[in-house]
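So the chains spell out like this:
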Amino acid sequence: MWNLIRPYIRRGYRVYDGLFGFIYDSLRFVRFGGWPEDMTDPDQRMYNIIMIYHGLEKSLSYKQRNITSGWRQASLLMQLLKISNDAGQVTCHDKAAKQVLEKFISLPENVDIEKSLKIKLQLKELNFFDEANHGVKELTVADFRKGVLESPEDFFCSRYSLREFKEEVVSESLIMRAVKLALKTPSVCNRQAWCIYHTSDSEVKNMVLKYQTGNRPFGERAPNLLLITTDLKAFFAGSEHYQHWIDGGLLAMSLMYALHSLGLASCALNWSQKPVVDMKFRKHLSIKPNHTVILVLLVGFPDENNKVCVSLRRSIEEVFTTLEIKS
Ligand SMILES: Cc1cc2nc3c(=O)[nH]c(=O)nc-3n(C[C@H](O)[C@H](O)[C@H](O)COP(=O)(O)O)c2cc1C
């Protein structure tokens, strides 16, 4: 009898567990999401500024742009830059945004219209600027082709999840180099809502690993540990409720490839955790409440010889198909 009903109980529990997780994630979005668009909050304002000036950047990059577009964003951006300026909370994004706005109002089709002149006057009141070029730049095919690998197969197929490492701790500067490379990852409206926590301290590492279910017996032997998180404050629209997972996942994969390109081994560890575990974990570690944990990454130097899982991949026929209009 028990054997008959057990599968149903297990399945029911899974659905209940999943729903509980959805509720937890929803509540986190309600509590920490950027939906209030509180522009006095420096983080929410920064993400808004990035989103808006990136829209203008795109407008500057089109070969054929709609010459009437961009004005609503331009005046909103102007208001936000004024808030940053007056609050003395100017970030590199305010500086970039100011320059993009200057370029936008200086477009031949915009330069002489009244809205431009008004913004130009307001821009003069901002007491910050940046010498670096922002907005758009020329990219030749030769520039683009610098990314073409001699053997892409060698690069991609030599990455494995390594679960044994040399004892040597990877220097923070090398870790930071990999992170810097990974920061080139694309993100929604270029919001880059990432925060990467790093430790090589055994006590801290073990505290993280205690709450992760998939790192035994190798986890504690990894010299470095990274925690990939994304900031819920960066996401405003309700329809963006999954965006932090997507952007965080993209960054995580870029980081694994960046580490690989520098000769560093890594193993991703899932954070598919029950809400109660996530909450307990946060009590012990200095993770901002608005940061959602995407995954844990073990990092180290590979041993001279390593035994790795073959991890057979699905065939291309299984995963690749033609998209068609339904008849
Ligand atoms: C999001 C994610 C979570 C993972 N979690 C674990 C984990 O908890 N424990 C583990 O040993 N490996 C984990 N892995 C590694 C996978 O098992 C591994 O990537 C997969 O088997 C493919 O092998 P490869 O990375 O060597 O190509 C994870 C990988 C990803 C991308």
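These numbers come from a predicted model, not from an experiment.

S.K.: I'd like a description of unusual backbone geometry, backed by residues and values.
M.R.: Cis rather than trans, the peptide bond between Arg216 and Pro217 has omega equal to 5°. The phi dihedral of Asn190 is positive, around 65°, even though this residue is not glycine. Inspection of the secondary structure puts Asn190 in the loop between helix 8 (172-182) and strand 1 (194-199). On the basis of relative accessible area, Asn190 is assigned to the partly exposed category, the value being 24%.

S.K.: Summarise the domain arrangement of the protein chain; cite the residues concerned and give the values.
M.R.: Structurally, the protein chain comprises domain 1 (42-124) and domain 2 (149-300). Relative to domain 2, the C-alpha centre of domain 1 lies at a distance of 33 Å. When domain 1 packs against domain 2, the two sides together hide about 850 Å² of surface, and 62% of this comes from carbon and sulfur. On the domain 1 side of the contact with domain 2, Asp43, Tyr47 and Met51 bury the most area, a combined 58% of that side's loss. The tally of links between domain 1 and domain 2 comes to 1 salt bridge. Where domain 1 packs against domain 2, one counts 2 residue pairs in polar contact (both at pLDDT 80 or more).

S.K.: I'd like to hear about the packing of helix 4 (residues 92-105) against helix 5 (residues 114-124), residue by residue, with values.
M.R.: Working note: a packed helix pair is described by the angle between its axes plus the distance between those axes. At a minimum axis distance of 10 Å, the contact between helix 4 and helix 5 shows a crossing angle of 150°. With respect to their mutual orientation, helix 4 and helix 5 come out roughly antiparallel. As for the relative orientation of helix 4 and helix 5, their crossing is left-handed in sense. Contacts between helix 4 and helix 5 involve Lys98, Leu101, Glu102 and Ile105 from the former and Ser116, Ile119, Lys120 and Leu123 from the latter. Of the residues in the contact of helix 4 with helix 5, the class split is 4 nonpolar, 1 polar and 3 charged.

S.K.: Mind laying out the site of the ligand, listing which residues take part and the relevant values?
M.R.: As a matter of local geometry, the ligand sits amid 14 residues, with Ser161, Arg163, Gly214, Asn270 and Arg313 nearest to it. Take Gln212: an N or O atom from its side chain is 3.1 Å from an oxygen atom of the ligand. The contact in question runs from an oxygen atom of the ligand to an N or O atom on the side chain of Arg313, over 2.8 Å. Computed on the free molecule, the ligand has an accessible area of 620 Å², of which 66% lies beneath the protein chains in the complex.

S.K.: Requested: an account of the sheet that holds strand 3 (residues 265-270), with residues and values cited.
M.R.: Overall, antiparallel pairing links the 4 strands, which are arranged 1-2-4-3 in an open sheet. The two strands at the open ends of the sheet, each matched to only one other strand, are strand 1 and strand 3. Ignoring which end each strand starts from, the neighbouring axes of this sheet average 25° apart. Note: strand 3 against strand 4 (residues 291-300), 6 bridges, orientation antiparallel. Bridge pairing in strand 4 links Cys267 to Leu298. Helix 9 (residues 202-210) contacts strand 1, strand 2 (224-231), strand 3 and strand 4 of the sheet and is inclined by roughly 60° relative to strand 2.

S.K.: Could you give an account of the nonpolar core, with specific residues and numbers?
M.R.: Residues Tyr53, Leu77, Leu81, Leu101 and Ile119 are the most contacted members of the largest nonpolar core, which totals 24 residues. Counting residues per element, the ones that place at least two in this core are helix 2 (42-61), helix 3 (71-87), helix 4 and helix 5. Apart from the residues within four sequence positions on either side, Leu77 is in contact with Ile49, Ile52, Tyr53, Leu56, Ala97 and Leu101. Within the second largest apolar cluster, 21 residues are counted, among which are Phe165, Cys267, Val277 and Ile287.

S.K.: Any details on the packing of helix 3 against helix 4? Residues and values, ideally.
M.R.: Packing of helix 3 against helix 4 brings their axes to within 10 Å, and their N-to-C directions diverge by 145°. Helix 4 is crossed by helix 3, and the crossing has left-handed handedness. From helix 3, Trp71, Ala74, Leu77, Met78, Leu81 and Ser84 reach across to helix 4, where they touch Asp94, Ala97, Lys98, Leu101, Phe104 and Ile105. Considering only residue class, the contact of helix 3 with helix 4 consists of 9 nonpolar, 1 polar and 2 charged.

How each quantity is defined
Residues numbered from 1 in each chain as written. Predicted model: local features only at pLDDT ≥ 70, side-chain atom pairs only at ≥ 80, totals over all residues. Heavy atoms only, no water. Helix = DSSP H or I, 4+ residues; strand = E, 2+ residues; numbered from the N terminus. Buried < 20%, exposed > 50% of the residue type's maximum accessible area, 1.4 Å probe, protein only. Domains from an automatic or database assignment. Buried area = accessible area lost by both parts, 1.4 Å probe. Salt bridge = Lys/Arg side-chain N within 4 Å of Asp/Glu carboxyl O. Polar contact = N/O pair within 3.5 Å; in protein donor to acceptor, adjacent residues only side chain to side chain. Axes fitted to C-alpha atoms, helices over the stretch in contact; angles between N-to-C directions. Parallel < 35°, antiparallel > 145°, perpendicular 65-115°, else oblique. Left-handed = near helix turned anticlockwise from the far one by under 90°. Contact = heavy atoms within 4.5 Å. Nonpolar A, V, L, I, M, F, W, Y, C, P; charged D, E, K, R; others polar. Near = heavy atom within 4 Å. Areas by Shrake-Rupley, 256 points an atom, 1.4 Å probe, with all protein chains shown as cover. Pairing = 2+ DSSP bridges. Core = buried A, V, L, I, M, F, W, Y, C linked by side-chain atoms within 4.5 Å.

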